[in-house]
Structure formats: structure tokens, C-alpha cells
Amino acid sequence: MAPAITLAADAPTLSAANTGFMLICSALVMLMTPGLAFFYGGMVRVKSTLNMLMMSFISLGIVTILWVIYGFSIAFGTDSGSVVGWSSDFVGFSGIGKVELWDGYTIPIYVFAVFQLMFAIITPALISGALADRVKFTAWALFIALWATIVYFPVAHWVWGAGGWAFDLGVIDFAGGTAVHINAGAAALGVILVIGKRVGFKKDPMRPHSLPLVMLGAGLLWFGWFGFNAGSWLGNDDGVGALMFVNTQVATAAAMLAWLAYEKIRHGAFTTLGAASGAVAGLVAITPSGGAVSPLGAIAVGAIAGVLCAMAVGLKYRFGYDDSLDVVGVHLVGGVVGSLLIGFFASGGGQSDVKGLFYGGGLDQFWKQCAGVFGVLAYSLVVSALLAFVIDKTMGMRVTEDEEVAGIDQAEHAETAYDFSGAGAGGGAARTATTAPAQESASSSASKKVDA
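So, a few notes on the structure that sits alongside this text. Note that the coordinates shown come from a computational prediction; the quantities given were computed from them, not determined experimentally.

Bringing the overall build of the chain into the picture now. Summing up its helical and strand segments, the chain has 18 helices and two strands in all. For 452 residues, the compact-globule estimate of 2.2 N^0.38 gives 22 Å, and the chain sits close to it at 22 Å. Of all 452 residues assigned to the chain, the portion counted as buried reaches 58%. For the chain, the accessible surface area stands at approximately 16,200 Å², while carbon and sulfur atoms represent 67% of it. For the chain, the distance from the average position of its 21 positive side-chain charges to the average position of its 28 negative side-chain charges is 13 Å.

Structure follows, in C-alpha cells:
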């Protein structure tokens, strides 16, 4: 089959070390989806906690099955027209030998497939944060299945598949700035423009109900992201993965500090929510660029992303779109920033000899990055909006207003996140206090007061 290789004396042979490393990285990326669930789950009001967790967890089930049946074939099969791939041996994983190697690498196809599966799982889960409090669970499950099929699988082929148009153009995306973050962020914007705002948007306080849960989720994301980023080189033989590991840490730290500094200067406080959001912004921005920039360049990428994403989260109040947990402000903006800055900060000493403007390479790579960024953004935005429109007009995308006000957890899952029934008199007070808890979205409380 085309993407696999035949073992020969002069060809790569299976590396137990690289295979083991990639299996660990795959597990780390899988952990990011539960981490994302906690991160988002802490940001919503009490009455939406379980629904937010489930919107991430269901992706683990749906996308896994689709990936095995046909997703891997579309994303990484033999190219067709620079748009999609297809290899019959990949359908159902039916024609893959257990020691058959991924083309040009020392790891089995199975290992590459499962690593890429974890990317496919978390990408639609990222979208869910923009839709908090108001989407039917059945509609969301259908949206995931359709979106993964029509948007994610083809876009993954564009960016990473041999023969994909962005791949052949030379667009650099080490681990998913375009395919994952811009893709998810643009999709989130497209869907929320169709389904509309939450009840009480810009009127009712909507603060996070559990900042400790948010910080736990952010910590799990940060931890898992080392597998997400460093593992994307598919081995440990030349030091590029090590560079990416270092840059992941460096950029995340810089972004967190930059977000907090911006928050303090503009709003007068260092918030835990700002720290968590800043860290995620840095992780997003370094994802496409970390293999191309130096550690000093990673500091610059992280700091710029931290400030710009902190500024971007308030745009929803200015323009009136209800991005509940700032998926657009963090993932779309962070992905665009990290991808475009490659055109300025690529050092030529990392994953390739490509140099950006600040290293004497001119603007050639910048324009390539623009093509990849805005091509993916436009496709995902338009197709995602169309999918949401069709679902909304057929089965309905939103719960009723009464169900949204009463709490989507009860309406969709017949459960509540916290049971105070055995807490005595204090529990009654707690239940009263949490029937309509205040909450805000992913930017800081102070930011919301100013920007709203």
C-alpha cells in the first residue's frame, strides 16, 4: 500500500524506543481530552457542569469509531486532488500489518494512526466550550460526527497528508495550529453565529463555578501537551522533538506571564482564570511554531500570544457573539498568531532550514503561512456554520429556553454535578445558592466588568 513501506536492508527498521515513546505520547494526548473537560467544566455554571464534561467525553467515543472505519483513510490515505486521501487498506484498519511501518519512519502504522486519532478526538471537543449551556446533546453528537467527517479529516490531509495542498505548499504546522486550533476556533465561531446567544448574555453574571477545577484542567492540558507537541516529530533521533518539548514549556510560561501582566495593567488584578487561560494561549501558539523557532523565539511567540489572546476575549462583547468559554479568543486567535509568527521567527535550525523575516529569510514563508491559516479558517467557518444550520432546521440545535434557565444538566442528563441532599441545613442553603449561580466565561472577572 502506498503510505507504508516494505522492510529492506536500506530502509528504516522498527525502533522499540521510538515506538514506546510514541505510545506514551498518544496516551498523553488522550489525557488532554478529559483535561479539557475539567478545564471547561469549571468555567461554566453549576447547572451546566456535567453537560460540559460530556461534550468532551462523547468525542472519545464517536471520533474513535469514525477514525477506524474511514477517518484515518481520508486524512492519511493516498492523495486525491490535494484535498482528501483514501487507502482501502486503512478502512477498518483491515490491511495494516502489526509491524508495518509508517512511510519513512521507525514506528508501526498502528502507532501513527492511534497518535493521530487523539488529535482528531480533541479537536471537536475544543469547539464545545463556545456552545456551553444551550446545545442539545443529541445534536452535538451528530455535529461531531458530521464535522469530523467533512471538516477535520480533510483538513488534516491538507496540512499533514502527503499530497495535501498545504503540505505541498510548504505551510509549517508542527502539531496543529491550523488543523486543530484554527480549525476548531473557526468552527466555534461559525456555529455560535447560527445558534445565537445564551439566555441572559451580557445581562446576567456568568462566572466560573469552580476555579480549582479550571486549574486542574489547565494543568492536565499543559502536561498532556508535551506529548501533543514533542510527539509530533514521530521519534527522538535528531533532537527536534527535544527542541519542541523545551519550546512548549518556554512559550507557555511566557504567555501566562504576559496575560497576567496585561490583566494587572488593564484591570488591576492577577486572576487564576487569567493564569490558566494565558497558559493555554501559549500552548496553542507554540503548537504550529515550536519546531521552527529557537527558545528565545518561543518566548516571543508566547508573550505576543498571551497579550493578543487576552485582548481578543473581550471582542465578543463588542461584536455581540456569545463565545461562552473564549474558544475564538484563545484557540482561533492563538492559532493564527502562532502560525503567522513562523514567518518572522523561524530560525532555520529546527525542523527545517526555512528562515523567517528576522533571520534573513524574507517574507516568503509568511505568505505560505497566510495561505494555510486563512484557507483552513474560511473552510471551517463556512462549513461548520452550514452544518449547524442544517441540524438546527431539522432536529433543532438548542434546548428550550426553560431548560436552559433551569439547567441543561437536568434537561439532558437527568443528573446534577453536586449532590447536597445529605448536607443537612447547610446543604439546603447551598442548594439555594447554586440554583442560579453566577458565572462568567474564560477571561477574567475584571475583564468582563470592563468590556461588557
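Moving on: the layout of surface pockets. Approximately 750 Å³ is the volume attributed to the largest pocket. As for the largest pocket, its lining consists of 28 residues, and the residues nearest its centre are Tyr-105, Val-159, Trp-160, Gly-161 and Phe-167. Listed by contribution, the elements that provide at least two residues to the lining of the largest pocket are strand S1 (78–80), helix H3 (109–127) and helix H4 (137–160). Here the lining of the largest pocket takes four residues from H3, the largest share from any one element. A per-class count over the lining of the largest pocket returns 17 nonpolar, eight polar and three charged.

Next up on the list: the packing of helix H7 (residues 211–230) against helix H9 (residues 272–289). Where H7 contacts H9, the axes come no closer than 9 Å and their chain directions differ by 15°. Here H7 lies roughly parallel to H9, going by the angle between them. Helix-helix and strand crossings are classified by hand; for H7 and H9 the assignment is left-handed. Contacts from Leu-211, Val-214, Met-215, Ala-218, Leu-221, Trp-222, Trp-225, Phe-228 and Asn-229 of H7 reach H9 at Thr-272, Leu-273, Ala-276, Ala-279, Val-280, Leu-283, Val-284, Ile-286 and Thr-287.

Our focus in this paragraph is unusual backbone geometry. For Phe-93, which is not glycine, the phi torsion reads 55° and is therefore positive. With respect to the secondary-structure elements, Phe-93 resides in the loop between strand S2 (84–86) and H3. The phi torsion at Asp-326 lies on the positive side, around 65°, for a residue other than glycine. As for its position among the elements, Asp-326 is in the loop between helix H11 (315–319) and helix H12 (327–340).

Bringing the packing of aromatic side chains into the picture now. For the structure shown, the criterion picks out 31 aromatic pairs. Geometrically, the ring pair formed by Trp-147 and Tyr-152 is tilted, given 6.5 Å between the ring centres and 35° between the ring planes. What makes Tyr-152 buried here is its relative accessible area of 0%.

Take Arg-45: it is sitting in the loop between helix H1 (16–43) and helix H2 (49–76). Take Arg-45: its relative accessible area is 6%, and that puts it in the buried class. A polar atom in the side chain of Arg-45 sits 3.1 Å from the side chain of Asp-133.

Turning next to helix H6 (residues 177–195). With 19 residues, H6 should reach 27 Å at 1.5 Å per residue; the first-to-last C-alpha distance of 26 Å fits that figure. The principal kink in H6, of about 25°, is found at Asn-183. Along H6, 17 of the 19 residues are buried, which leaves the element largely enclosed by surrounding structure. Positive phi shows up at Gly-196, right after H6, with a value of about 90°.

A grouping of Leu-357, Phe-358, Tyr-359, Leu-363 and Trp-367 is seen on the molecular surface, where their side chains present a nonpolar patch of about 510 Å² in accessible area. With respect to the helices, strands and loops of the structure, Leu-363 is situated in the loop between helix H13 (342–345) and helix H14 (364–394).

A word on the environment of Ser-87. Looking at where Ser-87 falls in the secondary structure, it is placed in the loop between S2 and H3. A relative accessible area of 8% places Ser-87 in the buried class. Sequence separation of Ser-87 and Phe-72 is 15 residues, and the distance between their C-alpha atoms is 8.9 Å. Here Thr-78 takes part through its backbone nitrogen, which lies 3.0 Å from a polar atom of the side chain of Ser-87.

Bringing the pattern of salt bridges into the picture now. Enumeration over the complete set of coordinates arrives at seven salt bridges. A salt bridge links Arg-45 to Asp-133; the nearest nitrogen and oxygen atoms lie 3.1 Å apart. Highlighted residues: Arg-45 in the loop between H1 and H2 and Asp-133 in the loop between H3 and H4, separated in sequence by 88 residues. Taking relative accessible area as the criterion, Asp-133 reaches 2% and is therefore assigned buried. With a closest N to O distance of 3.4 Å, Arg-198 and Asp-133 form a salt bridge. Here Arg-198, found in the loop between H6 and H7, pairs with Asp-133, found in the loop between H3 and H4; they are 65 residues apart in sequence, far enough to count as distant. For the pair Arg-198 and Asp-133, a shared accessibility class is recorded, and that class is buried.

Conventions adopted
Residues numbered from 1 in each chain as written. Predicted model: local features only at pLDDT ≥ 70, side-chain atom pairs only at ≥ 80, totals over all residues. Heavy atoms only, no water. Helix = DSSP H or I, 4+ residues; strand = E, 2+ residues; numbered from the N terminus. Rg over C-alpha atoms; globule rule 2.2 N^0.38 Å. Buried < 20%, exposed > 50% of the residue type's maximum accessible area, 1.4 Å probe, protein only. Areas by Shrake-Rupley, 256 points an atom, 1.4 Å probe, with all protein chains shown as cover. Lys, Arg positive; Asp, Glu negative; His and termini not counted. Charge placed at Lys NZ, Arg CZ, Asp CG, Glu CD. 1 Å grid on protein atoms, 1.4 Å probe; cavity = no way out; pocket = protein on both sides within 12 Å on 5 of 7 lines; lining within 4 Å. Points joined across faces, edges and corners; volume = space filled by probe spheres on them. Nonpolar A, V, L, I, M, F, W, Y, C, P; charged D, E, K, R; others polar. Axes fitted to C-alpha atoms, helices over the stretch in contact; angles between N-to-C directions. Parallel < 35°, antiparallel > 145°, perpendicular 65-115°, else oblique. Left-handed = near helix turned anticlockwise from the far one by under 90°. Contact = heavy atoms within 4.5 Å. Phe/Tyr/Trp six-rings, centres within 6.5 Å; stacked < 30°, edge-to-face > 60°. Polar contact = N/O pair within 3.5 Å; in protein donor to acceptor, adjacent residues only side chain to side chain. Expected span 1.5 Å × (residues − 1). Bend = angle between axes of the 7 residues up to and from the residue. Patch = residues over 30% accessible without salt bridge, like charges linked within 9 Å, V, L, I, M, F, W, Y side chains within 5 Å. Salt bridge = Lys/Arg side-chain N within 4 Å of Asp/Glu carboxyl O.

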